[in-house]
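An overview of the molecular structure
Each chain, letter by letter, is given below.
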Amino acid sequence: MKAKHVILYFLVSIIISSCIRDEALNAEADILSCTLPKAVMTTSPIINNNSVTLFVGPETDVSTLAPEFTLTPGATISPLSGTVHDFSLPQKYTVTAADGVWKKTYTVSVIDTELATNYNFEDTLGGKKYYIFVERQGDKVIMEWTSGNAGYAMTGVPKTANDYPTFQIADGKEGKCLSLVTRSTGFFGQLMGMPIAAGNLFIGSFDVNNAMSYPLQATKFGLPFRYVPTYLAGYYKYKAGDKFTEEGKPVDGKRDICDIYAIMYETSESVPTLDGSNAFTSPNLVSIARIDNAKETDEWTYFKLPFITRPGKFIDKEKLRDGKYNVAIVFTSSLEGAYFNGAIGSTLLIDEVELVYHTEN
């Protein structure tokens, strides 16, 4: 019997065997969605691999909340969905898959404070394989920055936290600072047509499940903000990598450059967030603050970017008060990094950033 016939016979045997066996119980243990029946959430929950973050208004009593969860089919959760808990501090939930074997622990947090507006990048979550930057109010985490590090982990390239595109270093303008580096994604990235990964950090969430299929849509920008932003200010250093590439191929004479920007936009049921595909084009966009004179510099360089209101747009005071506007801040080491164009080694350092705002329209 020829080799190819043996292989074919083997594959057919597997398919037939699979068809006559009882279907295996589901081994997934995921939280798919979450609601707060007796509280008003100001935006959609952020659900990551092992955490859920819920956003409510500052007037909400977080001591008696009873979140309800939708799970993967057949899975169970402990404590039970709909159980009342005090969310003054994060609570732990354990999801057990239908097969009774696989389990996953989620940390569920409720944020009832306003969005942080001063960022020095000194704080990160401990015990993680890569850096996760956070902002605290006292001992409570009130904002968690997002990056593409979770997607980069899938490439198998990084060995330590400092091998990821987004990490922390000691020599900031004041204390520690944010470091963003454009990295090679190795063999796996080349295979997927994603040869580089730009270092990035942004306010929002990252859908790691769609990072490979829909990378632009995977970056979901913004969290609720009840004030009118006027400027984004801070300090940066930048050094471009040696060789700019597009689709993995060198481009002679082209130099990489960083990007720093912030956006404010109106949310709705149909547009809960903007993402990498529509952050600058959506009709929901209200204003943009974006650097237009970025340069390579070895010195800490000050930037102050005004929010420019889009033609015909204005802020509705009632919607502002109800948390119907989101703000996102985005930093990246390669301007075209979302399209996997840039130079490996391009490095952007960021420190002492402030979102300047006022309370009147």
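Everything numeric here is computed off the predicted structure, so don't read it as measured data.

A word on the overall build of the protein chain
Helices and strands together make up the secondary structure of the protein chain, namely 5 helices and 29 strands. Looking at the protein chain as a whole, 44% of its 361 residues are labelled buried. When the accessible area of the protein chain is evaluated, it comes to approximately 18,600 Å², of which 53% is carbon and sulfur surface. Separation between the mean location of the 32 positive side-chain charges and that of the 41 negative ones in the protein chain comes to 5 Å.

A closer look at the sheet that holds strand β2 (residues 46–47)
In spatial order, the strands read β2-β3-β7-β6-β5; together these 5 strands make up an open sheet with mixed pairing. Each end of this open sheet is capped by a strand with a single partner; those strands are β2 and β5 (76–78). Here 2 bridges tie β2 to strand β3 (residues 51–55), and the two strands are oriented antiparallel to one another. Each residue of the ladder has a partner; that of Ile47, found in β3, is Val52.

Focus: the state of the cysteines
Within the structure shown, the criterion is met by 0 disulfides. In this model Cys258 remains outside any disulfide bridge; the closest cysteine sulfur is found in Cys177, 14 Å from its own.

Some points on the nonpolar core
Core analysis: the biggest nonpolar cluster contains 42 residues, and Tyr119, Phe121, Trp145, Phe331 and Ile350 have the highest contact counts within it. For this core, the secondary structure elements donating two or more residues are β10 (140–144), β12 (177–181), β19 (228–239), β22 (259–266), β24 (285–290), β25 (297–306), β27 (325–332) and β29 (347–358). Core analysis: the next-biggest nonpolar cluster, separate from the first, contains 21 residues, Ile31, Leu36, Val62 and Tyr106 among them.

Structural notes on the environment of Leu65
Tracing the chain through its elements places Leu65 in the loop between β3 and β4 (68–71). Through-space distance from the C-alpha of Leu65 to that of Val84 is 5.3 Å; in sequence the pair is 19 residues apart. With near-sequence residues (within four places) excluded, Leu65 lies in contact with Leu36, Ala39, Thr60, Thr83, Val84, His85, Phe87 and Val110.

Brief notes about the pattern of salt bridges
With the rule as written, the count across this model stands at 10 salt bridges. Measuring nitrogen to oxygen at the nearest pair gives 3.4 Å for the salt bridge that ties Arg226 to Glu114. Of this pair, Arg226 sits in the loop between β18 (223–224) and β19 while Glu114 sits in the loop between β7 (103–111) and β8 (118–119), placing them 112 residues apart in sequence. Taking the relative accessible area as the measure of exposure, Arg226 reaches 16% and is therefore buried. Salt bridges sharing common partners tie together Lys239, Arg255 and Glu296.

Side note on the UniProt feature "domain: Putative carbohydrate metabolism" (unreviewed entry) in the protein chain
In the numbering used here, UniProt assigns the feature "domain: Putative carbohydrate metabolism" (unreviewed entry) to residues 120–356. With 8% helix and 41% strand, the stretch residues 120–356 has end C-alpha atoms that lie 15 Å from each other.

Conventions we followed
- Residues numbered from 1 in each chain as written.
- Predicted model: local features only at pLDDT ≥ 70, side-chain atom pairs only at ≥ 80, totals over all residues.
- Heavy atoms only, no water.
- Helix = DSSP H or I, 4+ residues; strand = E, 2+ residues; numbered from the N terminus.
- Buried < 20%, exposed > 50% of the residue type's maximum accessible area, 1.4 Å probe, protein only.
- Areas by Shrake-Rupley, 256 points an atom, 1.4 Å probe, with all protein chains shown as cover.
- Lys, Arg positive; Asp, Glu negative; His and termini not counted.
- Charge placed at Lys NZ, Arg CZ, Asp CG, Glu CD.
- Pairing = 2+ DSSP bridges.
- Disulfide = S-S within 2.5 Å.
- Core = buried A, V, L, I, M, F, W, Y, C linked by side-chain atoms within 4.5 Å.
- Contact = heavy atoms within 4.5 Å.
- Salt bridge = Lys/Arg side-chain N within 4 Å of Asp/Glu carboxyl O.
- UniProt positions renumbered as here; feature names shortened; annotations may be inferred.

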